[in-house]
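# Coordinate analysis (summary)
Spelled out, the chains give:
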Amino acid sequence: MKLTTILCSAYLILTGVFLTVFAFSGFDLLLFLCFYNQAVYRALLSLTGVAAAWLAFWLAAFRPTDPLS
């Protein structure tokens, strides 16, 4: 479960970087890395939604209470 959470977080950060490049330059890096294949592109975007839902569930179910200090 910890590995899944780490992978989902890493994927969301990576997707955020790709979308930042797209926002600032207009070049869709994720679509380029998918070799302009729309099916793979949409599958990766849907995986982003699943990763976000997993992290929301994880935060709601386990309520990390470790202090930040």
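Residues numbered from 1 in each chain as written. Predicted model: local features only at pLDDT ≥ 70, side-chain atom pairs only at ≥ 80, totals over all residues. Heavy atoms only, no water.

On to the packing of aromatic side chains. Evaluated as defined, the whole model comprises four aromatic pairs. Residues Phe27 and Phe32 carry aromatic rings whose centres are separated by 5.5 Å and whose planes lie at 55 degrees to one another, so their mutual orientation is tilted. Of the residues examined, Phe27 reaches a relative accessible area of 36% and is grouped as partly exposed. Look at Phe32 and Tyr36: their rings are 6.3 Å apart centre to centre, the planes differ by 80 degrees, and that puts the pair in the edge-to-face class. Aromatic rings pair up to connect Phe27, Phe32 and Tyr36 into one cluster. (Phe/Tyr/Trp six-rings, centres within 6.5 Å; stacked < 30°, edge-to-face > 60°. Buried < 20%, exposed > 50% of the residue type's maximum accessible area, 1.4 Å probe, protein only.)

Chain-level pLDDT for the protein chain is 91 on average; 93% of the residues reach the 70-or-more range. Ranking the elements of the protein chain by mean pLDDT puts helix H3 (residues 38-62) last with 93 and helix H2 (residues 29-33) first with 95. (pLDDT = per-residue confidence, 0-100. Helix = DSSP H or I, 4+ residues; strand = E, 2+ residues; numbered from the N terminus.)

What follows covers helix H1 (residues 2-25). Over its 24 residues, H1 extends 35 Å from the first C-alpha to the last, a length consistent with the 34 Å expected when each residue adds 1.5 Å. Those residues of H1 not exposed but buried are Thr5, Cys8, Tyr11, Thr15 and Phe18. (Expected span 1.5 Å × (residues − 1).)

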